[in-house]
Amino acid sequence: MSDEVRLSSEELHKLGATFETRAEELSRQLAAFRRRADAEALHDGFRSREEARMHLERYEQAEEALLLLQERLAEVGGGIKETAANAQAAEEELVEMMRSVK
């Protein structure tokens, strides 16, 4: 097994962008979810607030989980893109150092 690590800053940047795109898509889906499953609209199918309570709690939990997931995807995407930029800068610095040695 090799101790070598090969890193493509371009591929990392693409991966980071993919995470950010998925976060944006999830944000749009969350907005659509909120429109379709508005908490007040959930009351319509039940005779009382008490009957709807369990469903409202699940709605709120799902909404919160989706929001947290969206935020985390965006955070991971940004972190990957930052890593790609750092790797590219380090590679360019290494190339410059090698040129100056010649």
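On a predicted model such as this, the values are computed, not experimentally measured, just so you know.

Conventions adopted
- Residues numbered from 1 in each chain as written.
- Predicted model: local features only at pLDDT ≥ 70, side-chain atom pairs only at ≥ 80, totals over all residues.
- Heavy atoms only, no water.
- Helix = DSSP H or I, 4+ residues; strand = E, 2+ residues; numbered from the N terminus.
- Rg over C-alpha atoms; globule rule 2.2 N^0.38 Å.
- Buried < 20%, exposed > 50% of the residue type's maximum accessible area, 1.4 Å probe, protein only.
- Contact = heavy atoms within 4.5 Å.
- Areas by Shrake-Rupley, 256 points an atom, 1.4 Å probe, with all protein chains shown as cover.
- Expected span 1.5 Å × (residues − 1).
- Axes fitted to C-alpha atoms, helices over the stretch in contact; angles between N-to-C directions.
- Parallel < 35°, antiparallel > 145°, perpendicular 65-115°, else oblique.
- Left-handed = near helix turned anticlockwise from the far one by under 90°.
- Nonpolar A, V, L, I, M, F, W, Y, C, P; charged D, E, K, R; others polar.
- Salt bridge = Lys/Arg side-chain N within 4 Å of Asp/Glu carboxyl O.

*Asks:* I would appreciate a short explanation of the overall build of the protein chain in the present structure.
*Replies:* Along the protein chain, the regular secondary structure elements total 3 helices and 0 strands. Going residue by residue from the N terminus, the α and β elements of the protein chain occur as α-α-α. On C-alpha atoms alone, the protein chain measures out to a radius of gyration of 23 Å, which is more than a quarter above the 13 Å that the 2.2 N^0.38 rule sets for 102 residues. The C-alpha extent of the protein chain, read off along each of the three principal axes, is 80 × 30 × 15 Å. A buried classification covers 19% of the 102 residues belonging to the protein chain. Across the protein chain, the fraction of contacts at a sequence separation of at least 24, relative to all contacts at a separation of at least 6, is 76%. Only carbon and sulfur atoms are counted for the fraction: they give 53% of the accessible area of the protein chain, which is about 8,100 Å².

*Asks:* Help me understand helix H1 (residues 9-36), please; the structure alone is not making it clear to me.
*Replies:* Because the α-helix completes a turn every 3.6 residues, residues three or four places apart line up on one side. The end-to-end C-alpha distance of H1, which contains 28 residues, comes to 40 Å, matching closely the 40 Å that a straight helix rising 1.5 Å per residue would cover. Turning to H1, its buried residues are Ser 9, Leu 12, Gly 16, Ala 23, Leu 26, Leu 30 and Ala 32. Packing partners of the buried residues in H1 comprise helix H3 (49-101).

*Asks:* I would appreciate a short explanation of H3 in the present structure.
*Replies:* An ideal rise of 1.5 Å per residue puts 78 Å on 53 residues; H3 measures up with 76 Å between its terminal C-alpha atoms. Taken residue by residue, H3 has Ala 52, Leu 56, Tyr 59, Glu 63, Gln 70, Leu 73, Gly 77, Ile 80, Ala 84 and Ala 87 as its buried positions.

*Asks:* What am I meant to see in the packing of H1 against H3 here?
*Replies:* In helix packing, the relevant descriptors are the interaxial angle and the interaxial distance, both defined with respect to the helix axes. Interhelical geometry of H1 versus H3 gives an angle of 160 degrees and a closest axis separation of 8 Å. By the angle between their axes, H1 is roughly antiparallel relative to H3. Crossing of H1 over H3 shows left-handed handedness. Considering only residue class, the contact of H1 with H3 consists of 19 nonpolar, 9 polar and 5 charged.

*Asks:* I tried to follow the pattern of salt bridges on my own but got confused; where do I start?
*Replies:* Two side chains bearing opposite charge may form a pair once their charged atoms approach each other closely. Scanning the model with the defined rule gives 8 salt bridges in all. Taking the shortest distance from any N to any O, the salt bridge between Glu 10 and Lys 14 comes out at 3.5 Å. Of this pair, Glu 10 and Lys 14 both sit in helix H1, 4 residues apart, which is roughly one turn of the helix. We classify Glu 10 as exposed; its relative accessible area is 52%. Between Glu 20 and Lys 81 there is a salt bridge whose closest N-O contact spans 2.8 Å. Of the two residues, Glu 20 is situated in helix H1 and Lys 81 in helix H3; the sequence distance between them amounts to 61 residues. Overlapping salt bridges, with partners in common, bring together Glu 10, Glu 11 and Lys 14 in one network.

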